[in-house]
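# Understanding the architecture of this molecule
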Amino acid sequence: MSPHLLLTIYLCVWLAAAGAVLGSFLDCAVWRWARGEAMFRGRSRCADCGRTLSPGELVPVFSYLFSRGRCRGCGGKIPAECLWAELAGGLAFVCLGVRFGLTLELAQWLVFGGLLLAVSLTDGAKRIIPDKLLIAMAVNRVVWLFALGQPLWDTVKGMLASGIIPAALLAFVLLAEKVLGREAMGGGDIKLLLAMAFYLSWPELLLTLLGGCLLGIIGAAARKTGAIPFGPYLAAAGVLAVCFGGPLVSWYLGLF
């Protein structure tokens, strides 16, 4: 086994743990936020009986699986969203680790992935994508633009080109709403796409939009509901486009 492969495996193990811990933390914070509680104050507790959870009950993924999704005290059901948030955080960080390796650039994308996870959880909890999270995404990109020494003008031109995608989507949505007489798409989803334009090239962003729609259709079919939050699917498609969309984009552009 080559040293490079060993380093990648070692990196991914730690990234999986870090992503799962972040997912657990964000899920707890968003759960409190949705109920008007202090997000970062007090220890984790059971939502049904209020019992403070022990350290052994706070191990991401494993605690949920070993307890079979039930509180050890009252037997109340632990929301499956807890497990999904932990798995999503771990998988996203591993994918980003495989894509960028142990580089300084990886830090930028880990923050990107963490913020997308937070966006997904808030949208899932209250159908809201807070502007503060989107601003944080934009600020993170600008900070790393200078920290990584990337060419300013070329990067700005790329961002402007990517911005055409959410602008065109906004025009389409406004037209659709005028014709249908009802809301066709949440404004937060369009702003999320705009924030992602700071990071992704226009082909990657278009792939993200198409992938988000496909994942959303699958999610709606699985949940058998008409209205679903689009943010989580758009976020998942964005991470997938960053990590695995390169060959697909190159193939598509090679057709012209």
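Residues numbered from 1 in each chain as written. Predicted model: local features only at pLDDT ≥ 70, side-chain atom pairs only at ≥ 80, totals over all residues. Heavy atoms only, no water.

## Quick word on the overall build of the chain
- Scanning the chain from N- to C-terminus turns up 9 helices and 0 strands.
- Reading the secondary structure of the chain in the N-to-C direction produces α-α-α-α-α-α-α-α-α.
- The C-alpha atoms of the chain give a radius of gyration of 20 Å, which matches the 18 Å a tight globule of 256 residues would have.
- Referenced to the eigenvectors of the C-alpha coordinate spread, the extents of the chain come out at roughly 60 × 60 × 30 Å.
- Residues classed as buried in the chain amount to 40% of the 256 residues present.
- Considering only contacts within the chain whose residues lie at least 6 apart along the sequence, 61% involve residues at least 24 apart.
- If you sum the accessible surface of the chain, you get close to 14,500 Å²; carbon and sulfur atoms cover 70% of it.
- Across the chain, 21 positive and 14 negative side-chain charges occur, with their mean positions spaced 6 Å apart. (Helix = DSSP H or I, 4+ residues; strand = E, 2+ residues; numbered from the N terminus. Rg over C-alpha atoms; globule rule 2.2 N^0.38 Å. Buried < 20%, exposed > 50% of the residue type's maximum accessible area, 1.4 Å probe, protein only. Contact = heavy atoms within 4.5 Å. Areas by Shrake-Rupley, 256 points an atom, 1.4 Å probe, with all protein chains shown as cover. Lys, Arg positive; Asp, Glu negative; His and termini not counted. Charge placed at Lys NZ, Arg CZ, Asp CG, Glu CD.)

## Details of the packing of aromatic side chains
- Counted by the stated rule, this structure contains 6 aromatic pairs.
- Judged by centre distance (5.2 Å) and plane angle (10 degrees), the ring pair of Phe100 and Trp109 falls under stacked.
- Among the residues examined, Phe100 registers a relative accessible area of 11% and is labelled buried.
- With a centroid separation of 5.6 Å and 55 degrees between ring planes, the pair formed by Trp109 and Tyr199 is classed as tilted. Within this pair, whereas Trp109 is found in helix α4 (residues 104-126), its partner Tyr199 is found in the loop between α7 (187-196) and α8 (202-223), the two being separated by 90 residues in sequence. (Phe/Tyr/Trp six-rings, centres within 6.5 Å; stacked < 30°, edge-to-face > 60°.)

## A short note on unusual backbone geometry
- A positive phi angle, near 55 degrees, is found at Arg68, a position not held by glycine.
- Given a relative accessible area of 77%, Arg68 falls into the exposed group.
- Phi at Arg127 is positive, roughly 55 degrees, even though this residue is not glycine.
- Among the structural elements, Arg127 can be located in the loop between α4 and α5 (131-147).

## Here we look at the nonpolar core
- Membership of the largest hydrophobic core comes to 46 residues, with the highest contact counts inside it found for Leu96, Trp109, Phe112, Leu116, Met137, Leu192 and Leu200.
- Going through the elements one at a time, α1 (3-34), α3 (80-100), α4, α5, α6 (152-180), α7, α8 and α9 (231-253) are the ones with two or more residues in this core.
- Take this core: its biggest share by element is 10 residues, from α4.
- Setting aside anything within four residues of it in sequence, one finds Phe112 in contact with Met137, Asn140, Met196, Tyr199, Leu200 and Val242. (Core = buried A, V, L, I, M, F, W, Y, C linked by side-chain atoms within 4.5 Å.)

## Let's talk about the side chain of Glu86
- Along the chain, Glu86 turns up in helix α3.
- One buried charged residue, Glu86, forms no salt bridge at all, with the nearest opposite charge on Arg72 at 12 Å.
- Those residues in contact with Glu86 that lie beyond four places of it in its chain are Gly19, Ala20, Gly23, Ser24, Pro60 and Val61. (Salt bridge = Lys/Arg side-chain N within 4 Å of Asp/Glu carboxyl O.)

## Quick notes on the packing of α1 against α3
- Between α1 and α3, the shortest axis-to-axis distance is 7 Å and the interhelical angle comes to 145 degrees. As for how α1 packs across α3, the hand of that crossing is right-handed. For the pair formed by α1 and α3, the contact residues are Leu11, Cys12, Leu15, Ala16, Ala18, Gly19, Ala20, Leu22, Gly23, Ser24 and Asp27 on the first element and Glu81, Cys82, Ala85, Glu86, Gly89, Gly90, Phe93, Val94, Gly97 and Val98 on the second.
- Its residues placed into classes, the contact of α1 with α3 shows 12 nonpolar, 6 polar and 3 charged. (Axes fitted to C-alpha atoms, helices over the stretch in contact; angles between N-to-C directions. Left-handed = near helix turned anticlockwise from the far one by under 90°. Nonpolar A, V, L, I, M, F, W, Y, C, P; charged D, E, K, R; others polar.)

## What to know about α3
- In this model, α3 (21 residues) spans 30 Å end to end at C-alpha, consistent with the 30 Å of a helix rising 1.5 Å per residue.
- Following α3 by one or two positions, Gly101 has its phi on the positive side, about 65 degrees. (Expected span 1.5 Å × (residues − 1).)

## As for the environment of Gly124
- Relative to the assigned elements, Gly124 resides in helix α4.
- You can call Gly124 partly exposed: its relative accessible area is 39%.
- Spatially, the C-alpha atom of Gly124 lies 7.8 Å from that of Gly231, the residues being 107 residues apart in sequence.

## Here's the deal with the packing of α5 against α6
- Where α5 meets α6, the closest approach of the two axes is 11 Å, and the angle between their N-to-C directions is 150 degrees. Comparing the axis directions of α5 and α6 gives the class roughly antiparallel. When the axes of α5 and α6 are compared, the crossing they make is right-handed. Judged by residue contacts, Arg141, Leu145 and Phe146 of α5 engage Leu152, Thr155 and Met159 from α6.
- Of the residues belonging to the contact of α5 with α6, the class tally is 4 nonpolar, 1 polar and 1 charged. (Parallel < 35°, antiparallel > 145°, perpendicular 65-115°, else oblique.)

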